[in-house]
Amino acid sequence: MEADLYDEFGNYIGPELDSDEDEDADDDDDDEDQVEGDEDGGGMEVVLHEDKKYYPTAEEVYGPEVETIVQEEDTQPLTEPIIKPVKTKQFTLMEQELPATVYDMEFLADLMDSSELIRNVTLCGHLHHGKTCFVDCLIEQTHPEIRKRDDADVSRGVGIKSTPVTMVLPDSKGKSYLFNIMDTPGHVNFSDEVTAGMRISDGIVLFIDAAEGVMLNTERLIKHAVQERLAITICINKVDRLILELKLPPTDAYYKLRHIVDEVNGMLSTYSTDESLVVSPLLGNVCFASPQYSICFTLGSFAKIYADTYGDINYNEFAKRLWGDIYFNPKTRKFTKKAPNSNSQRSFVEFVLEPLYKILSQVVGDVDTSLPRVLDELGIHLTKEELKLNIRPLLRLVCNRFFGEFTGFVDMCVQQIPSPHSGARAKIEHSYTGGLDSDLGEAMAECDPDGPLMCHTTKMYSTDDGVQFHAFGRVLSGTLQAGQPVKVLGENYTLEDEEDSQVCTVGRLWISVARYQIEVNRVPAGNWVLIEGCDQPIVKTATITEPRGTEEAQIFRPLKFNTASVIKIAVEPVNPSELPKMLDGLRKVNKSYPSLTTKVEESGEHVILGTGELYLDCVMHDLRKMYSEIDIKVADPVVTFCETVVETSSLKCFAETPNKKNKITMIAEPLEKGLAEDIENEVVQITWNRKKLGEFFQTKYDWDLLAARSIWAFGPDTTGPNILVDDTLPSEVDKALLGSVKDSIVQGFQWGTREGPLCDEPIRNVKFKILDAVIAQEPLHRGGGQVIPTARRVVYSAFLMATPRLMEPYYFVEVQAPADCVSAVYTVLARRRGHVTQDAPIPGSPLYTIKAFIPAIDSFGFETDLRTHTQGQAFALSVFHHWQIVPGDPLDKSIVIRPLEPQPAPHLAREFMIKTRRRKGLSEDVSISKFFDDPMLLELAKQDVVLNYPM
């Protein structure tokens, strides 16, 4: 009987035993109640092996409601935590709530409506000439509770980004003005940031260190500001260095200051045609400052101190007599042009420098004995505690009490720099691509807050977690409202091609004050604004207008930088699956740095182009740490090259279209010296009418009338340094037919010059002449598909027949070094194919300045090398200057390039070309047959041209 209940394996197959099931079911329900019961039972029940419980479950340990993760072993290395801590990225120091200010935020917002009381100013100057320190002083005067800065710029010791600061500042009469100040970096690599700031400003304050004088970047900025047609004022900064460091006597200090003013005027007359553009303390466009000790004065504000002390002085008249060779005669109480006696001082020395020297020397010298008496005379009251301060803080305090707020600086900006209302017309004429004769142009020229909206953004600032960007720009007409829909026009937008435009909704709007932002709901014309929500379509600059009704709106010109991005690095993620992350990061740095360019080569490598080593170092830091947290490999840096010719083509080159119905003949020859630079700097523009264009080439470059009138295009773009000339004669060629394919030929020419035949780099400084053209009658046979590639091919063959050469970028280097290091500088430069153009002592200091040229490709590591050889005493700054031909023939087959050996100079061109081609994944050598078709090759054979080119 028993046997029937079990099968042969001993499994139970008898009738169902209901009671067990029910008990199980009950078990589950009253688990909790049973626990107590178990304990009474003495724990004698049988527990199966798999049901044994050695450890409490996670739920019992951590309680319910806690998320736990259980992982198999070895899925994660021990170094990585199973649950990572939440990491907040913060790259900018931001104040969370609005700090206390000496003015009401409402008052600031109200001032935005009166454009006459606004000043948009860019502070620029050479590296370490004290721009940021000056802004700190202004912030300290307006924000009583904010102490000194301590952000990334300080740990690096150099500004990287331009920082907008908006505040209300009083002038010497106590009238308030709204100042929008852009504090820009002084390093030449970052001059693109200055350009972005200048575009939305009406004037600049150029900072010049009193001890160093006019430096490399000072000169470049003067030139740039003149080109941008801005009002120029200068601030001679750090005047305390003349006294405390160089210890110059007052008369010598005056000469040094006058020398700086003269130097600046010399440059202004070099770069500007406007005779009236002069800076002088007498005109009120020069101020003197020393932010470390809270000193800032102009002649006017110093004269006002006298007026406040002695009463009844007409300080404006007094100020006019405080500079230049004017002396005060104490007997007659009059100012004279002649010195009353041999040891009398100029008025500037007597009334301005000597009191300054006295205050500084009293504080530095006799703090205990005579200082209290002097302060008493000056009416400065210090407490016992304050008198016990260290020298520098005490000096700062005394000067602050003596000079007061920086009203002289405010007076200078208010008088010399136009308000957005009065400066609008000049600004729009210079930066707007459309005309001023439309309603839009009128509204912008009037700076009309009720007109149609036009806003020009020049920079993008990322949020402090690096996720999205805010666009920063200037409202030129109309009023920008938070939450309104707008149309964003990119840099490629034209009235004909409207692809680069997108409608977005504006998020919040802010006024930016360095470390905090003031949220506003509308921004009228003339102001700077930080815009949320329309960053997606903007890459570099943009034009923001209303979505409807402003169909005739055109864009503002893209920024024109005064340096070129010639250094390239190739990047790739260490882990290939993270490529999308890196691409996203590249998109973001591209937005963040104005002159950065990123592109993908044919071979698939991602290339970043920047102005110099420090620049690319910052870009890579941002890319790795801020925008994509991944490991990125970087190739050795290289430079962009250009291709050019040095002779006229040895024979006429022609090419036939694939359908054999058209034939174009061209030759190439080098352009006149200086012409390429003129085209690039827009001294001459292709958009001029024929007559004006012709006159320019005839007068300046001696072209004949026919050639000058038949310029077809510049290439690779409208400001490209190559020219296409139609040199055909009406008697030989049907001009009407040729005109019908003009656009196609120009496109082929521009394609060809964008990537030349040697190594896919742009062609430069070449003039292509069309000598003959046979064009099919039927439009069908002369379409773009036939003509464009043919035009490109004939451009290439003409180019290769004209002794092609490579060009490389050259840097201009300025080195400051003590006299005993000068020879070391020479050796370092000579090792890198550099040559010195000038070395001279800097007046009034123990240093020498050495000016030199160095090829960009040999400049990597130059600064480090220089510091090693001079024990860190030399300081160098280098900036792109010009293109120069690389020695040697790139097409010379006889040169053998041995791996890992430096090549002698004549082999360089060949080496550069071959290595660039390898890097881009092109064939090792330029094959000529690719660009010449059979009839052309037969022609070559007929003329018995000896070619050392591979066929």
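Residues numbered from 1 in each chain as written. Predicted model: local features only at pLDDT ≥ 70, side-chain atom pairs only at ≥ 80, totals over all residues. Heavy atoms only, no water.

- Per an unreviewed UniProt entry, the protein chain is named 116 kDa U5 small nuclear ribonucleoprotein component, and its organism is Pygocentrus nattereri.
- The annotation that UniProt attaches to the protein chain under Subcellular location (unreviewed entry) is "Nucleus". (UniProt positions renumbered as here; feature names shortened; annotations may be inferred.)

1. Remarks on the pattern of salt bridges
Then, in step 1: Going through the model one piece at a time under the given rule, you end up with 41 salt bridges.
Then, in step 2: The residue arginine 587 makes a salt bridge to aspartate 584 at a minimum N-O spacing of 4.0 Å. Of the two residues, arginine 587 and aspartate 584 are both situated in helix α20 (residues 579-592); the distance of three residues between them amounts to about one turn of the helix.
Then, in step 3: Relative accessible area serves as the criterion here: at 31%, aspartate 584 is assigned to the partly exposed category.
Then, in step 4: In this structure, lysine 920 and glutamate 761 form a salt bridge, with 2.8 Å as the shortest nitrogen-oxygen distance. Pair noted here: lysine 920 is in helix α30 (residues 908-920) and glutamate 761 is in the loop between α26 (742-754) and β30 (766-774), with a separation of 159 residues, a long-range link. In this structure, lysine 920 and glutamate 761 share a single accessibility class: buried. (Salt bridge = Lys/Arg side-chain N within 4 Å of Asp/Glu carboxyl O. Helix = DSSP H or I, 4+ residues; strand = E, 2+ residues; numbered from the N terminus. Buried < 20%, exposed > 50% of the residue type's maximum accessible area, 1.4 Å probe, protein only.)

2. Brief notes about a negative patch on the surface
Then, in step 1: Residues Asp439, Glu496, Asp497, Glu498, Glu499, Glu551 and Glu552 make up a contiguous surface patch of negative charge.
Then, in step 2: Tracing the backbone through its elements, the reader meets glutamate 552 in the loop between β19 (542-545) and β20 (567-573). (Patch = residues over 30% accessible without salt bridge, like charges linked within 9 Å, V, L, I, M, F, W, Y side chains within 5 Å. Areas by Shrake-Rupley, 256 points an atom, 1.4 Å probe, with all protein chains shown as cover. Lys, Arg positive; Asp, Glu negative; His and termini not counted. Charge placed at Lys NZ, Arg CZ, Asp CG, Glu CD.)

3. Considering the environment of valine 646
Then, in step 1: Position of valine 646 relative to the elements: it lies in the loop between β25 (642-645) and β26 (653-656).
Then, in step 2: Residue valine 646 is classed as partly exposed on the basis of its relative accessible area of 36%.
Then, in step 3: It is 27 Å that separates the C-alpha atoms of valine 646 and lysine 742, two residues lying 96 residues apart in sequence.
Then, in step 4: When residues no more than four places from it in sequence are discounted, the contact partners of valine 646 are Pro670, Ala802, Thr803, Arg805 and Ile885. (Contact = heavy atoms within 4.5 Å.)

4. Section: the sheet that holds strand β29 (residues 722-726)
Then, in step 1: Taken together, the five strands give an open sheet; going across it, the order is β26-β27-β30-β29-β28, and neighbouring strands pair in mixed fashion. Strands at the two margins of the open sheet, each flanked by one partner only, are β26 and β28 (711-715). In this sheet, adjacent strand axes meet at a mean angle of 25° when their direction is disregarded.
Then, in step 2: Pairing of β29 with β30 involves four bridges; the strand directions are parallel. Bridge pairing in β30 links isoleucine 723 to lysine 767. (Pairing = 2+ DSSP bridges. Axes fitted to C-alpha atoms, helices over the stretch in contact; angles between N-to-C directions.)

5. Focus: the packing of aromatic side chains
Then, in step 1: Tallying each qualifying case throughout the model produces 40 aromatic pairs.
Then, in step 2: When the centroid spacing of 5.9 Å and the interplanar angle of 50° are considered together, the rings of tyrosine 254 and tyrosine 255 count as tilted.
Then, in step 3: By relative accessible area, tyrosine 254 is classed as buried at 0%.
Then, in step 4: The ring of tyrosine 461 has lysine 459 sitting right over it, with the charged end atom 5.0 Å from the ring centre. (Phe/Tyr/Trp six-rings, centres within 6.5 Å; stacked < 30°, edge-to-face > 60°. Lys NZ or Arg CZ within 6 Å of the ring centre and 35° of its normal.)

6. Quick look at helix α29 (residues 862-869)
Then, in step 1: Taken together, the buried positions of α29 are occupied by Phe862, Asp865 and Leu866. Projected down its long axis, α29 shows its buried positions confined to an angular sector of 100°, all on one face. Along α29, exposed side chains directed more than 90 degrees from the buried face belong to Thr864 and Thr868.
Then, in step 2: The elements touched by buried residues of α29 are α21 (613-627), β31 (804-818), α28 (822-831), β33 (847-855) and β34 (875-885).
Then, in step 3: Backbone geometry just after α29 places glutamine 871 at a positive phi near 50°. (Arc of directions from axis to C-beta.)

7. A look at a nonpolar patch on the surface
Then, in step 1: A grouping of Tyr6, Tyr12 and Leu17 is seen on the molecular surface, where their side chains present a nonpolar patch of about 300 Å² in accessible area.
Then, in step 2: Structurally, the position occupied by tyrosine 6 is in the segment before α1 (18-29).
Then, in step 3: By relative accessible area, which is 39% here, tyrosine 6 ends up partly exposed.

8. Let's talk about the pairing of strand β27 (residues 663-670)
Then, in step 1: Counting buried positions along β27 gives six out of eight residues, so the element sits mostly inside the fold.
Then, in step 2: When β26 meets β27, the two strands line up antiparallel, connected through four bridges. The residue bridging cysteine 653 from the neighbouring strand is methionine 666, located in β27.
Then, in step 3: Taken together, β26 and the strand that follows it, β27, pair antiparallel across an intervening segment of six residues, in which lysine 660 is found at a positive phi of about 65°.
Then, in step 4: Inspection of the sheet shows β27 paired to β30 by eight bridges, in the antiparallel sense. The residue bridging isoleucine 664 from the neighbouring strand is alanine 773, located in β30.

9. Quick word on the pairing of β33
Then, in step 1: One ladder, built from nine bridges, connects β31 with β33; its direction is antiparallel. Considered in β33, the bridge of tyrosine 811 is made with isoleucine 854.
Then, in step 2: Relative to β33, strand β32 (residues 835-841) runs antiparallel, the two being bridged by six bridges. The residue bridging alanine 840 from the neighbouring strand is threonine 849, located in β33.
Then, in step 3: Here β32 folds back onto β33, and the loop between the two strands holds five residues, one of which, glycine 844, carries a positive phi near 75°.

10. Some thoughts on the packing of helix α10 (residues 250-271) against helix α13 (residues 347-364)
Then, in step 1: Running from amino to carboxyl end, α10 crosses α13 at an angle of 110°, the nearest separation of the two axes being 10 Å. Relative to α13, the element α10 is oriented roughly perpendicular. By crossing handedness, the relation of α10 to α13 is classed as right-handed. Each of Pro250, Thr251, Ala253, Tyr254 and Leu257 in α10 lies in contact with α13, whose residues at this interface are Phe348, Val349, Leu353, Glu354 and Tyr357.
Then, in step 2: Residues that form the contact of α10 with α13 fall into these classes: eight nonpolar, one polar and one charged. (Parallel < 35°, antiparallel > 145°, perpendicular 65-115°, else oblique. Left-handed = near helix turned anticlockwise from the far one by under 90°. Nonpolar A, V, L, I, M, F, W, Y, C, P; charged D, E, K, R; others polar.)

11. Section: the side chain of histidine 224
Then, in step 1: Position of histidine 224 relative to the elements: it lies in helix α8 (residues 216-227).
Then, in step 2: Accessibility expressed as a relative area gives 3% for histidine 224, which makes it buried.
Then, in step 3: For histidine 224, the contacting residues outside a window of four places in its chain are Thr195, Met198, Lys560, Phe561 and Asn562.

12. Details of the confidence of the model for the protein chain
Then, in step 1: Residues with a pLDDT of 70 or more make up 93% of the protein chain, whose mean pLDDT is 88.
Then, in step 2: Ignoring residues within four places in sequence, the model shows residues 21-39, a span with pLDDT below 50, making three contacts including any to other chains.
Then, in step 3: Considering only residues more than four positions removed or in separate chains, one finds that residues 149-153, a stretch of pLDDT under 50, has eleven contacts. (pLDDT = per-residue confidence, 0-100.)

13. Quick word on unusual backbone geometry
Then, in step 1: A cis amide bond links glycine 715 with the next residue in sequence, proline 716, at an omega value of 0°.
Then, in step 2: Positionally, proline 716 belongs in the loop between β28 and β29.
Then, in step 3: The residue aspartate 760 is not glycine, and still its phi comes out positive at about 60°.
Then, in step 4: Residue placement: aspartate 760 occurs in the loop between α26 and β30.
Then, in step 5: Although it is not a glycine, leucine 900 sits at a positive phi angle of roughly 60°.
Then, in step 6: Since its relative accessible area comes to 87%, leucine 900 is described here as exposed.

14. As for helix α5 (residues 131-142)
Then, in step 1: Between its first and last C-alpha, α5 extends 17 Å over twelve residues, near the 16 Å set by a 1.5 Å rise per residue.
Then, in step 2: Of all twelve residues that make up α5, ten are buried, and the element is covered over most of its length.
Then, in step 3: Turning to α5, its buried residues number three or more, namely Lys131, Phe134, Val135, Asp136, Cys137, Leu138, Ile139, Glu140, Gln141 and Thr142. (Expected span 1.5 Å × (residues − 1).)

15. Considerations on the environment of glutamate 97
Then, in step 1: Relative to the elements of secondary structure, glutamate 97 occurs in the loop between α3 (58-62) and α4 (105-111).
Then, in step 2: Considered as a pair, glutamate 97 and histidine 128 are 31 residues apart in the sequence and their alpha carbons are 31 Å apart.

16. As for the nonpolar core
Then, in step 1: By size, the foremost hydrophobic cluster in this structure holds 167 residues, and its most contacted members are Phe179, Phe409, Ile608, Ile745 and Phe768.
Then, in step 2: Excluding residues that lie within four positions of it along the chain, phenylalanine 768 makes contacts with Met666, Ile667, Ala668, Ile723, Leu724, Val725, Phe749, Thr753, Ile763, Val795 and Phe799.
Then, in step 3: Counting 67 residues, the second-largest nonpolar core is a separate cluster that includes Cys124, Phe328, Leu375 and Phe402. (Core = buried A, V, L, I, M, F, W, Y, C linked by side-chain atoms within 4.5 Å.)

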